[in-house]
Every structure is written in structure tokens, then in C-alpha cells.
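Structural overview
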Amino acid sequence: MKVIECRVLTKRFGRTKALNNLSFDIVENTITGLVGRNGAGKTTLLKIMAGYLQKTEGEIKAWGEDPFNNLQFSANMIFIDDNMPMPQTLSLMEILDWGSKFYNNWDMDIARGLLDYFSLAPGQFHQYLSRGLKSTFNVILGIAARCPLTLLDEPTTGMDAAVRKDFYRALLKDYLQHPRTIIVSSHLLNEIQDILEEVLLIREGAKCLHMSISDLKEYGIGLLGRREVLEKIVEGEEILHREELGEGTCYYVVRNTLKDQKIKEAKLAGVEIKAVTAEDLCVYLTAGKKGGIDSVFNEK
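Here's a quick rundown of the structure.

Reading guide: rules and limits
Residues numbered from 1 in each chain as written. Predicted model: local features only at pLDDT ≥ 70, side-chain atom pairs only at ≥ 80, totals over all residues. Heavy atoms only, no water. Pairing = 2+ DSSP bridges. Helix = DSSP H or I, 4+ residues; strand = E, 2+ residues; numbered from the N terminus. Axes fitted to C-alpha atoms, helices over the stretch in contact; angles between N-to-C directions. Buried < 20%, exposed > 50% of the residue type's maximum accessible area, 1.4 Å probe, protein only. Contact = heavy atoms within 4.5 Å. Salt bridge = Lys/Arg side-chain N within 4 Å of Asp/Glu carboxyl O.

The strand order across the open sheet formed by four strands is β11-β12-β10-β13, and the pairing between neighbours is antiparallel. Only two strands of the sheet have a single partner each, and these edge strands are β11 (239-246) and β13 (272-275). For this sheet, the mean inter-axis angle between neighbouring strands, taken without regard to orientation, is 20°. Here β11 pairs with strand β12 (residues 249-255) via six bridges, running antiparallel. Bridge pairing links H241 to V253 in β12.

As C-alpha cells, then:
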């Protein structure tokens, strides 16, 4: 079943086009990573999904309905980011009690357990927490609510490495026990790739790709060797990245569609075949210039 359906979705802020003709579907009971560089449009897209922003053009539907200002939809969705407004007169425990009254699938045992695990005192007030602890409390809400659609926008902002790891483990464990549709935005794929099933990569508001994380890991192949040899091998191939390493040595990343014969010829010519991480692929696919930072200096 499709939970989110987007068709040529566009959002403008004045003359700035934040989203540009996005089309994709998100199916139920999956964890999807919304990945892109800072300013790619991730937050704008999530806010439109959450019904907080109105689209400019195109179509977006959640369970077949327009999410904008839809009260029935909002009862089945939670949007977590580091700017969540919290009541200043309520303690953390009182906020959790409020959550239990609003969300039908709320699990107070999980909420209390996570509050204790992350050393958050029930009587503390949200506005007096550090940035990292605010994010930690916010994601406790996101997990405990167990909403059919859970949207997490850069949820680990301010957290240290150990807390981030614990959060992702907690999210995955709860998802496996209580499947729902979760979308996590990040510009750091390496941190979230182990919990993902799908990746939606966007660049400057447009879709770069949408595929399973396993397919993304096989999307490209790295070739390291002499420039004159590599230029013959990559001729006619889709080049994702090119890097000069000095003394006539180059590193190319191409689509993983090389014929076996070409790979054999490359190895015989001394070319080293390398795997390319999913995160590196996303960096290459969203780069302004395929040559990377080296292209700036090579232009001089």
C-alpha cells in the first residue's frame, strides 16, 4: 500500500524553487532515508508531507488525501525536528502524559524506559535542556508515539556519537516489533544506512534517485589506475566521479554496468577495482561538479 504519493511536486518561496518536480511513492511499513546536502529541500519536503506547508504545484497525497491542514491525517502522523515547540509550563513527564492522550498507539512503558535510559529526569523542563538532550527527548516522543507515519528531520542534531548510535538501535528495534512507515532525513548516510530499506536522494529540490539501500550499494564501481588506461575503459560509460591523484594516476567512479570483458581488460592493465560506499555515491551524485574540489584548481 502506498502511504505517500508525490507527482511533479514543486514548492517555491518567492523566486526560489525549493522543490522541483518531485515524483515518488513511499510504501507502508518501510524505513526510508531522505538524503541530500544541506539546502537540498529535505525539510521543505517533510513539512509538506506533514501537512505544515502547502505545495505550489503538483500533487501530494498521504493515504489518498491531501495532508495540508488535515486533522484526521495529523492524528496518524508525527513530525520530529529540533525546532519542535514544547509547552514551557509542563515537565518532561507531563509532556509524555499529554502524548499518551493524543496518539492512539502510544507506549508509555517505552517512553518511560527511554527517558530513564538517556538520563532525563521526569521533572525537568524542555527549555532548560541542552540542544542534544532536547533532540533526545524529541526522538523519545517519535518512537513512543508509534504513529503509522513517522517523519524525523535530522533527528540527532546535537547528540553525541554514543547517543546517536543508541537512538538508531532503539528506532530499529521498535520498528521491527511495531512496523510503520518511517522517513528519516539526513545528510550523513553512513549514520543511518544500517536501518534503511529505501533511499530517496535529492539535489537542489530534484530527485536524483530512489532505490533500495542494497541496490544503492551496488550502483557504482571505482577504478584506480593510469589516466591513459582508464580513459579508454570509461569511454561510453556513465561517469559519476573523476579525481586526479597526481603523477598520471586517476580515480574514476562509473555506473556498475561495465561488461565482464572490460573489467578483465582493466585488471590486466593494472587497474584496481574498488567498491564504492553508498555515502560516497550520494556525495558524487549530488556534487556540483563531477571532478570534485580538484576541478576548481584545475580550471586555473
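So much for the structure itself; the text now carries on.
Our focus in this paragraph is the pairing of strand β9 (residues 206-212). Where strand β8 (residues 198-203) and β9 come together, six bridges link them in antiparallel fashion. Looking across to β9, one finds that L200 is bridged to H210. Connecting β8 to the antiparallel partner β9 that follows it, the hairpin turn spans two residues, and E204 within it adopts a positive phi of roughly 50°.

Next up on the list: helix α1 (residues 42-49). Burial within α1 is extensive, with six of its eight residues counted as buried. All of the buried residues along α1 are K42, T44, L45, L46, I48 and M49. In the stretch just after α1, G51 is the one whose phi turns positive, near 85°.

Ordered by their spatial adjacency, six strands build an open sheet running β5-β6-β7-β3-β8-β9, and the pairing between neighbours is mixed. At either end of the open sheet lies a strand with only one pairing partner, and these are β5 (77-80) and β9. Mean inter-strand twist for the sheet, computed between neighbouring axes without regard to direction, equals 15°. Two strands pair when backbone bridges link them, and strand β3 (residues 31-35) and strand β7 (residues 181-186) are joined in this way by five bridges, in the parallel orientation. Paired with T32 across the bridge in β7 is I183. Along the sheet, helix α5 (residues 131-145) contacts β5 and β6 (149-153); its crossing angle with β5, the most-contacted strand, is approximately 165°.

The next point concerns the pattern of salt bridges. Opposite charge on two side chains allows them to pair when their charged atoms are near. All told, the structure shown has 17 salt bridges when counted by the stated rule. One salt bridge in this structure joins K61 and E59, with 3.9 Å as the shortest N-O distance. Between E272 and K274 there is a salt bridge; the shortest N-O distance is 3.3 Å. Relative accessible area serves as the criterion here: at 40%, E272 is assigned to the partly exposed category. Assessed through its relative accessible area of 31%, K274 is described here as partly exposed.

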